[in-house]
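# Observations on the model geometry
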Amino acid sequence: MQSATILGCREAHGATVVTLGTEMIVRAQHDARFREIVNASALSLCDTVGVKYAARLHGTPVEERVSGVDLIAPLCAALAEQGSSVYFLGGKGDTAARAADAVRARCPGLIVAGTRDGYFGADRESEIAAAVAASGANVLFAGLGSPRQENFLDMRLQETGCAVGIGVGGSFDVLAGNVERAPAIWQRLNLEWLYRLVREPHRWRRQLALPQFVWLVLRERATLRSSRRFS
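In short, a report on the structure. The shown structure was predicted, so the numbers you read here are calculated from the model rather than taken from an experiment. (Residues numbered from 1 in each chain as written. Predicted model: local features only at pLDDT ≥ 70, side-chain atom pairs only at ≥ 80, totals over all residues. Heavy atoms only, no water.)

### Considering the overall build of the chain
Within the chain one finds 12 helices and 6 strands. Long-range contacts, defined as pairs at least 24 residues apart, comprise 75% of the intrachain contacts of the chain with a sequence gap of at least 6. Surface accessibility of the chain: about 11800 Å² in total, with carbon and sulfur atoms responsible for 53%. (Helix = DSSP H or I, 4+ residues; strand = E, 2+ residues; numbered from the N terminus. Contact = heavy atoms within 4.5 Å. Areas by Shrake-Rupley, 256 points an atom, 1.4 Å probe, with all protein chains shown as cover.)

Written as structure tokens, this is what we have:
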């Protein structure tokens, strides 16, 4: 279903797709430009269980959680059927290339227009966008981490000539085998975040956004209840 929706975005040239997580929502509270980018995206997908539960709490249930790594393979399968091409941008060293190879093995006929690592400065963004444009890619996967990938797509997607640009975070590391994804049981229990934290303790700083997110959700919930009571 999400793949079909994203393919539909191609009608609007330069459409950005955001995979929205709790950290991004917390950042958006104090980063006005980032907030504008997220709100202006053609499509915003629920990337974390926290966002899913928050949406349900506010009476707008999200059908499913769709992380970047879950999105790439089915979308590429659909693109392969249409003969459309993709570009993998991000990761370290040859990670993007290995991720592309892994996806191509699962999606016969997929056209990978090009790959490139994400280690470049702001002064080279125009050059990178021109390289993507020269490749003729229809869809750009930007695995640059948030908020960098969203900022890049906002500033440079039009220059790439791609119809759709999607921020996919650290998905390339998983696809390339650099990072082991949580076993299925952890995913079903919505504890994938905890598995990553146990395996990669250095990620603890990222989890500091979680209590902030919970506070935001509860505060918004209280505000809505109050407004309904006095309306």
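Having put the structure on the table, let's press on.
### A closer look at unusual backbone geometry
Geometrically, the link from S146 to P147 is a cis peptide bond, its omega value of 10° lying close to zero. Within the secondary structure, P147 is located in the loop between β5 (139-143) and α8 (148-160).

### A closer look at the sheet that holds strand β3 (residues 85-90)
Across the sheet, 6 strands lie side by side as β2-β1-β6-β5-β3-β4; this open sheet has parallel pairing. Each having just a single partner strand, β2 (43-46) and β4 (111-116) make up the two edges of the open sheet. Each neighbouring strand pair of the sheet contributes to a mean axis angle of 20°, computed without reference to strand direction. As paired strands, strand β1 (residues 15-20) and strand β6 (residues 164-167) are joined by 3 bridges and run parallel to one another. Residue pairing across strands places A15 opposite V164, the latter belonging to β6. (Pairing = 2+ DSSP bridges. Axes fitted to C-alpha atoms, helices over the stretch in contact; angles between N-to-C directions.)

### Topic: the packing of helix α7 (residues 125-135) against α8
Put simply, α7 and α8 touch, their axes get as near as 8 Å, and they point 45° apart. Regarding the angle of α7 to α8, the classification is oblique. When the axes of α7 and α8 are compared, the crossing they make is right-handed. Judged by residue contacts, E125, S126, I128, A129, V132 and A133 of α7 engage F152, R156, E159 and T160 from α8. By residue class, the composition of the contact of α7 with α8 is 5 nonpolar, 2 polar and 3 charged. (Parallel < 35°, antiparallel > 145°, perpendicular 65-115°, else oblique. Left-handed = near helix turned anticlockwise from the far one by under 90°. Nonpolar A, V, L, I, M, F, W, Y, C, P; charged D, E, K, R; others polar.)

### Observations regarding the packing of aromatic side chains
Under the criterion given, the structure shown has 3 aromatic pairs. Both rings, one in F88 and one in F172, keep their centres 5.4 Å apart while their planes meet at 40°; by these two values the pair is tilted. You can see F88 sitting in strand β3 and its partner F172 sitting in helix α9 (residues 171-176), a full 84 residues away along the chain. Of the two residues examined, F88 and F172, each falls in the buried class. Among the aromatic residues, those joined into a cluster by ring pairs are F88, F141 and F172. Sitting above the plane of the F120 ring, R148 keeps its charged end 4.5 Å from the centroid. (Phe/Tyr/Trp six-rings, centres within 6.5 Å; stacked < 30°, edge-to-face > 60°. Buried < 20%, exposed > 50% of the residue type's maximum accessible area, 1.4 Å probe, protein only. Lys NZ or Arg CZ within 6 Å of the ring centre and 35° of its normal.)

### Observations regarding the pairing of β1
Working note: regular strand, side chains alternate between the two faces of the sheet. Extensive coverage of β1 is indicated by the burial of 6 of its 6 residues. Of the two faces of β1, both are covered, the one formed by A15, V17 and T19 as well as the one formed by T16, V18 and L20. Here β1 runs beside β2; their pairing, made up of 4 bridges, is parallel. Along β2, the bridge assignment pairs T19 with L45.

### Some words on α7
A turn of α-helix holds 3.6 residues, and therefore any two residues three or four places apart point the same way. The set of residues buried in α7 consists of E125, I128, A129 and V132. Here the buried residues of α7 occupy an arc of 100° about the axis, which is enough to place them on one side. In this structure, the buried side of α7 is in contact with β3, β4, β5 and α8. Two residues or fewer after α7 comes G136, characterised by a positive phi angle close to 80°. (Arc of directions from axis to C-beta.)

### A word on the pattern of salt bridges
Two side chains bearing opposite charge may form a pair once their charged atoms approach each other closely. In total, this model carries 8 salt bridges according to the counting rule given. A single salt-bridge network, built from bridges that share partners, covers E125, R156 and E159. (Salt bridge = Lys/Arg side-chain N within 4 Å of Asp/Glu carboxyl O.)

### As for the environment of A163
Secondary-structure assignment places A163 in the loop between α8 and β6. Using a relative accessible area of 13% as the deciding quantity, one classes A163 as buried. For the pair A163 and N138, spaced 25 residues apart in sequence, the C-alpha to C-alpha distance is 5.5 Å.

### Observations concerning the nonpolar core
With 29 residues, the main nonpolar core has F88, L110, F141 and I166 as its most contacted residues. Counting only elements with at least two residues in this core, the list comes to β2, α5 (68-82), β3, α6 (95-106), β5, β6 and α9. By residue number, the principal contributor to this core is α5, which donates 7 residues. Not counting residues within four places of it along the chain, the set of residues in contact with F88 comprises A96, A99, A100, V103, V112, G114, T115, R116, F141 and F172. Ranked by size, the runner-up nonpolar core spans 13 residues in total, among them F120, I128, L140 and F152. (Core = buried A, V, L, I, M, F, W, Y, C linked by side-chain atoms within 4.5 Å.)

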